[in-house]
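A look at the structure
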Amino acid sequence: EAQVTQNPRYLITVTGKKLTVTCSQNMNHEYMSWYRQDPGLGLRQIYYSMNVEVTDKGDVPEGYKVSRKEKRNFPLILESPSPNQTSLYFCASSFLGQENEKLFFGSGTQLSVL
Amino acid sequence: AQKITQTQPGMFVQEKEAVTLDCTYDTSDQSYGLFWYKQPSSGEMIFLIYQGSYDEQNATEGRYSLNFQKARKSANLVISASQLGDSAMYFCAMDNQGGKLIFGQGTELSVKP
């Protein structure tokens, strides 16, 4: 089954404790992206990647890191989480180069930083 | 800078009636794509419909249609014959085909029986 898999689904942590949210897709998509969703603000792009070893900042990259060492994986790293990073996070992927390529989304990760 | 605006934080519609969710956008790009996604209370993001900036006809997908008015920079979603299962958050999004997909703030639709 074609899917984007995010883990964990829920995560509660404390300020400053490094964490990684994993994202994997099995559709051979070139493009992968991370978003955070906050009430009243919609989804905001954190980082995106057009291919292996190619990443770029979205609109809200501060406090986050990503890597794209393999085509299928795009982990989101919070080196020193803070309470303002409490949010719902989505990973998404798609093919590039076609006009109407919709994003496939993961199920989301609800992160709480205490 | 690109921007998507959804001015209706919440809307109500009676079951079986049609409803229009507003979306306006701002971009200086000539080539772009417009999407609508649905997010039910379970949280997943579901793709509904796509409109390309060069498409001359409005996109339709079943009960969903996109009222695309390029000169006004609007891309409203029309849901015909609303169903209770249509109650959800709806997001408009724009893609400049350069890797950045931006979303609006969302509209929460409630369908009344």
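The structure displayed is predicted, hence computed values, not measured ones.

Right, let's get into the overall build of chain B. In terms of helices and strands, chain B carries zero helices and 12 strands. Secondary structure elements of chain B occur, N-terminal to C-terminal, as β-β-β-β-β-β-β-β-β-β-β-β. If you line up chain B on its principal axes, its C-alpha atoms span 40 × 25 × 20 Å. Taken across its 113 residues, chain B has 48% of its residues classed as buried. Contacts in chain B between residues at least 24 apart in sequence constitute 54% of all its contacts with a sequence separation of at least 6. When the accessible surface of chain B is totalled, it reaches about 5,400 Å², and 47% of it is carbon and sulfur.

The next point concerns the environment of Arg72(A). All names here are of chain A. Assignment of secondary structure puts Arg72 in the loop between strand 7 (65–66) and strand 8 (76–78). Expressed as a C-alpha distance, the spacing of Arg72 and Ser24, which sit 48 residues apart in the sequence, is 5.3 Å. Residues in contact with Arg72, not counting those within four places in the same chain, are Cys23, Ser24, Gln25, Asn26 and Met32.

Residue and element names in this part refer to chain A. Throughout the structure, instances matching the rule amount to six salt bridges over all chains. Salt-bridge contacts for Lys18 lead to Glu79; the nearest nitrogen and oxygen are separated by 4.0 Å. Linking Lys18 in the loop between strand 2 (10–13) and strand 3 (19–25) with Glu79 in the loop between strand 8 and strand 9 (87–94), this pair joins segments that are 61 residues apart in sequence. The partly exposed category is assigned to Glu79, whose relative accessible area is 37%. Notably, a salt bridge pairs Lys65 with Glu79, separated by 2.9 Å at the nearest N-O pair. Taken together, the positions of Lys65 in strand 7 and Glu79 in the loop between strand 8 and strand 9 put the pair 14 residues apart, joining distant regions of the chain. Overlapping salt bridges, with partners in common, bring together Lys18, Lys65 and Glu79 in one network.

Reading guide: rules and limits
Residues numbered from 1 in each chain as written. Chains lettered and ligands numbered in written order. Predicted model: local features only at pLDDT ≥ 70, side-chain atom pairs only at ≥ 80, totals over all residues. Heavy atoms only, no water. Helix = DSSP H or I, 4+ residues; strand = E, 2+ residues; numbered from the N terminus. Buried < 20%, exposed > 50% of the residue type's maximum accessible area, 1.4 Å probe, protein only. Contact = heavy atoms within 4.5 Å. Areas by Shrake-Rupley, 256 points an atom, 1.4 Å probe, with all protein chains shown as cover. Salt bridge = Lys/Arg side-chain N within 4 Å of Asp/Glu carboxyl O.

In short, geometric facts, not functional conclusions.
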